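Breakdown of the fold
This is what each chain is made of:
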Amino acid sequence: MRTPFAERQRTLRKELAAVNLDSLLLTDPANVYYLTGFTGETGALLLSLTGCTLVTDGRFKVQAREETSGIHILLQKGALFPSVGEVLRAAGRQSVGFDPNRLTVAQLLTLRKSSGARCRWKATPGLTEHLRARKDAREIAQMRKAAILAGKVLERAIRLLKPGVQELEIAGETEYQMRRRGASGPSFETIVAFGERSALPHARPTAKRLRKNELVVLDLGAILGHYCSDITRTVFVGRAPKRIRRWYGAVLEAQSAAIAAVKAGALCGHVDAAARGVLARHRLDGHFVHSTGHGLGLEVHEDPRIARGQRRRLEPNNVITIEPGVYFAGVGGIRIEDDVVVEADGSEVITRVPRDLIEL
Ligand SMILES: [Mn+2]
């Protein structure tokens, strides 16, 4: 089967040439996978204008050969970064790009020392991440499957919500169901938050038991075929009081407005402002304490960021989340999140779970 990796390497090489780099160092596993197919958790990739070398350790020898093709695999002698430096030293005078967001200060110092004076290190953040943000047709198809899987698991979790059940039970069952349906695991630690705890946007599941007349926030995602999904629904256990309905209606309206603002060319900050504006009209913007969304792909949080003031523009085939929420300490929170593919004139919502308030 034809793999996309060689073509991605070619595309990135053009970017290297454009910023006068001879090679680029990649250490982040998602970036290394994106460019080579290698899934080992440690390794460093040196992409040069003429070739590609993956440096990793003996544990990954067989795996690297099986998962990649057309690249040079080098097993490190001793530690990873001195080995990478040696490869560069042997290659002679050149300028090498690195991502300051992905490398520690200690790693850079080791690289500078081991690669020698003829190697010039240049900070070039986000080159691969920018390519990754624009998904190809195969990636979108995979993300649709991951999103649908997350939705099914979420709907099943909602059916398990009965007074007396613990947050941890729901979270455990959810992650089990993901794997039963083919996911390699959750794309982040599943959030199950009952009652007051739902006011914490990133609540970790506890032994708390569900009671009647509580809000429940379920925020989960699965990794399927390397790609992440991310979905949130809010449920009320009982008949929701008027103010909860009002808050829920406002969040749903904010999410719809943000989704309607999504299209290629739109400023990320405008999409955020669409959600924030609706909540402001309901005098709830002070309770919306996070950004509207984030890019989704090999990682659960990636480019582009849908946040206040972001000047970046959406591109066709970006995949992003839209997830406004409101939070009231001591009472609870409401968040609705879907995954959205950016299209030329609009968007496709790939998570397929009804968004109306569910009362159990
Ligand atoms: Mn999210």
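A few points on the structure.

1. Re the layout of surface pockets
Of the voids in this model, the largest pocket is the one considered here, and its volume is about 310 Å³. Lining the largest pocket are 19 residues, and of these I191, H202, D219, H301 and E323 sit closest to its centre. Its residues assigned to classes, the lining of the largest pocket shows five nonpolar, six polar and eight charged.

2. A few points about empty space enclosed by the protein
According to the stated counting rule, one finds two cavities of 30 Å³ or more in the structure shown. Empty space within the largest cavity amounts to approximately 110 Å³. Together, 15 residues line the largest cavity, and L25, L26, F98, D99 and R102 are the ones closest to its centre. Elements represented by at least two residues in the lining of the largest cavity include exactly β1 (23-26) and α6 (127-133). Its residues placed into classes, the lining of the largest cavity shows six nonpolar, five polar and four charged. In this structure, the second largest cavity encloses a volume near 40 Å³. Around the second largest cavity, the lining residues are T27, P29, V32, F38, G40, E41, T42 and G43. Classifying every residue of the lining of the second largest cavity by side-chain character gives three nonpolar, four polar and one charged.

3. Things to note about the nonpolar core
Of all hydrophobic cores here, the largest spans 33 residues; its most connected members are L12, L24, L26, L45, L54 and V319. Secondary structure elements with two or more residues in this core: α1 (5-18), β1, α2 (29-36), β2 (44-48), β3 (52-56), α6, α7 (137-159) and β11 (227-228). Among the elements that make up this core, the one with the highest residue count is α2 (five residues). The contacts of L45, once residues within four sequence positions are left out, are L24, L25, L26, V32, L35, T36, C52, T53 and L54. Counting residues in hydrophobic clusters, the runner-up holds 31 residues, among them V251, A266, V326 and V342.

4. Focus: the coordination of the manganese ion
Six octahedral donors around a metal ideally subtend angles of 90 or 180 degrees, whereas four tetrahedral donors ideally subtend 109.5 degrees. Here the manganese ion is held by D230 (OD), H294 (NE2), E323 (OE) and E337 (OE), and the distances to it run 2.1 to 2.3 Å. Read in sequence order, the donor residues coordinating the manganese ion give the pattern D-x63-H-x28-E-x13-E. You can see D230 sitting in the loop between β11 and β12 (231-236) and its partner E323 sitting in the loop between β15 (319-322) and β16 (325-328), a full 93 residues away along the chain. When its relative accessible area of 3% is taken as the criterion, D230 is described as buried.

5. Observations regarding unusual backbone geometry
For residues besides glycine, phi is generally negative; the peptide bonds are generally trans as well. With an omega of -5°, the peptide bond running from D303 to P304 counts as cis. Its location among the elements puts P304 in strand β14 (residues 302-306). Phi at N317 is positive, roughly 70°, even though this residue is not glycine. Tracing the chain through its elements places N317 in the loop between β14 and β15. Accessibility expressed as a relative area gives 30% for N317, which makes it partly exposed.

6. With respect to the sheet that holds β2
Taken in spatial order, the six strands of this open sheet run β4-β3-β2-β1-β5-β6, and their pairing is mixed. In this open sheet, the two strands that pair with only one neighbour each are β4 (72-75) and β6 (119-123). Adjacent strand axes in the sheet meet at a mean angle of 25°, parallel and antiparallel pairs treated alike. Summarising the sheet, β3 and β4 pair through four bridges and their orientation is parallel. Paired with L54 across the two strands is I73, which belongs to β4. On the sheet, helix α5 (residues 105-115) packs against β1, β5 (94-98) and β6 and is oriented at approximately 155° with respect to β6.

7. A closer look at the packing of aromatic side chains
Throughout the structure, instances matching the rule amount to four aromatic pairs. Taking 5.8 Å as the distance between ring centres and 75° as the angle between the ring planes, the aromatic pair formed by F5 and Y33 counts as edge-to-face. In this pair, F5 is assigned in helix α1 and Y33 in helix α2, connecting sequence segments 28 residues apart. One exposure class covers both F5 and Y33, and it is buried. Both rings, one in F38 and one in F60, keep their centres 5.9 Å apart while their planes meet at 85°; by these two values the pair is edge-to-face. Placement of F38 in the loop between α2 and β2 and of F60 in the loop between β3 and α3 (61-67) is noted, with a sequence separation of 22 residues between them. When its relative accessible area of 1% is taken as the criterion, F38 is described as buried. Overall, F60 belongs to the buried group, its relative accessible area being 6%. Sitting above the plane of the Y34 ring, R8 keeps its charged end 4.1 Å from the centroid.

8. Digging into the state of the cysteines
Working definition: the covalent bond between the sulfur atoms of two cysteines is a disulfide. Applying the stated rule across the entire model yields zero disulfides. In this model C119 remains outside any disulfide bridge; the closest cysteine sulfur is found in C52, 16 Å from its own.

Conventions used here
Residues numbered from 1 in each chain as written. Predicted model: local features only at pLDDT ≥ 70, side-chain atom pairs only at ≥ 80, totals over all residues. Heavy atoms only, no water. 1 Å grid on protein atoms, 1.4 Å probe; cavity = no way out; pocket = protein on both sides within 12 Å on 5 of 7 lines; lining within 4 Å. Points joined across faces, edges and corners; volume = space filled by probe spheres on them. Nonpolar A, V, L, I, M, F, W, Y, C, P; charged D, E, K, R; others polar. Helix = DSSP H or I, 4+ residues; strand = E, 2+ residues; numbered from the N terminus. Core = buried A, V, L, I, M, F, W, Y, C linked by side-chain atoms within 4.5 Å. Buried < 20%, exposed > 50% of the residue type's maximum accessible area, 1.4 Å probe, protein only. Contact = heavy atoms within 4.5 Å. Donors = N, O, S within 2.8 Å, 3.2 Å for Na, K, Ca; no water. Pairing = 2+ DSSP bridges. Axes fitted to C-alpha atoms, helices over the stretch in contact; angles between N-to-C directions. Phe/Tyr/Trp six-rings, centres within 6.5 Å; stacked < 30°, edge-to-face > 60°. Lys NZ or Arg CZ within 6 Å of the ring centre and 35° of its normal. Disulfide = S-S within 2.5 Å.

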